[in-house]
Amino acid sequence: MALVKKGSRLITVDGITYRWRLRGRPTYDQGLATSPLAYAVEHAETAGTTLVITTNRPHPGNWLGTPGSPVLPAHVADSIRTALTDGWTPTRPGSPFRFDQSAGFVPSR
């Protein structure tokens with residue numbers, strides 16, 4: 001599954017270029033701040049396995065005004081490096097590689 005290029009950003013990590021994208025509008029659960037923010041990453045040149053990273057923060061566009069912080073390129077780069085050491089192979093086709101960093105997320109009530 002390839003990422004939509006519109007709204008995606010390029011990032012170079014250790015000499016390899018990746019494309020990452022954060023959903024602009026929150027999903028229903030993200031809007032209610034009951035599920036954490038997630039974003040996707042793929043190899044920029046060879047679309048293969050998509051990396052789906054679940055964070056430990058609410059979506060900044062949630063409907064309840066719960067404070068959320070933006071995803072910074074440094075966080076994306078760190079997550080890519082960690083996922084690569086955990087077995088993500090971005091150029092091989094396959095099911096999405098899920099990387100869960102949601103420990104500590106407190107859902108809104």
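Each value, and the rule that gives it
- Residues numbered from 1 in each chain as written.
- Predicted model: local features only at pLDDT ≥ 70, side-chain atom pairs only at ≥ 80, totals over all residues.
- Heavy atoms only, no water.
- Core = buried A, V, L, I, M, F, W, Y, C linked by side-chain atoms within 4.5 Å.
- Buried < 20%, exposed > 50% of the residue type's maximum accessible area, 1.4 Å probe, protein only.
- Helix = DSSP H or I, 4+ residues; strand = E, 2+ residues; numbered from the N terminus.
- Contact = heavy atoms within 4.5 Å.
- Pairing = 2+ DSSP bridges.
- Salt bridge = Lys/Arg side-chain N within 4 Å of Asp/Glu carboxyl O.

Caption draft 1: Molecular detail of the nonpolar core. Ile 11, Val 41, Leu 51, Val 76 and Ile 80 are the most contacted members of the largest nonpolar core, which totals 16 residues. Looking at this core, the elements that each hand over two or more residues are strand E1 (9-13), strand E2 (16-22), strand E3 (38-43), strand E4 (51-54) and helix H2 (73-85). Ranked by residues supplied to this core, first place goes to H2 with 4 residues. Those residues within four positions of Ile 11 in sequence are excluded, and the remaining contacts are Ile 16, Thr 17, Tyr 18, Trp 20, Pro 73, Val 76, Ala 77 and Ile 80.

Caption draft 2: Inspection of the pairing of E3 at higher detail. Most of E3 sits inside the fold, with 5 of its 6 residues counted as buried. With 5 bridges connecting them, E2 and E3 associate as antiparallel partners. Looking at the pairing, Trp 20 lines up with Val 41 of E3. As paired strands, E3 and E4 are joined by 4 bridges and run antiparallel to one another. Bridging from a neighbouring strand, Val 41 pairs with Leu 51 of E4.

Caption draft 3: The arrangement of the pattern of salt bridges in detail. What the rule picks out here adds up to 2 salt bridges. The partner of Asp 14 in a salt bridge is Arg 81, with the nearest N and O atoms 3.3 Å apart. Residue Asp 14 is located in the loop between E1 and E2, and its partner Arg 81 is located in helix H2; the two are separated by 67 residues in the primary sequence. Residue Asp 14 is classed as exposed on the basis of its relative accessible area of 59%. Its relative accessible area of 35% is what places Arg 81 among the partly exposed residues. Salt-bridge contacts for Arg 81 lead to Asp 78; the nearest nitrogen and oxygen are separated by 3.6 Å. In this pair, Arg 81 and Asp 78 are both assigned in helix H2, 3 residues apart and thus about one turn of the helix distant. Relative accessible area serves as the criterion here: at 45%, Asp 78 is assigned to the partly exposed category. Where salt bridges share partners, they join Asp 14, Asp 78 and Arg 81 into one cluster.

Caption draft 4: Summary view of the environment of Ala 40. Note on placement: Ala 40 falls in strand E3. Judged by relative accessible area, which is 13%, Ala 40 ranks as buried.

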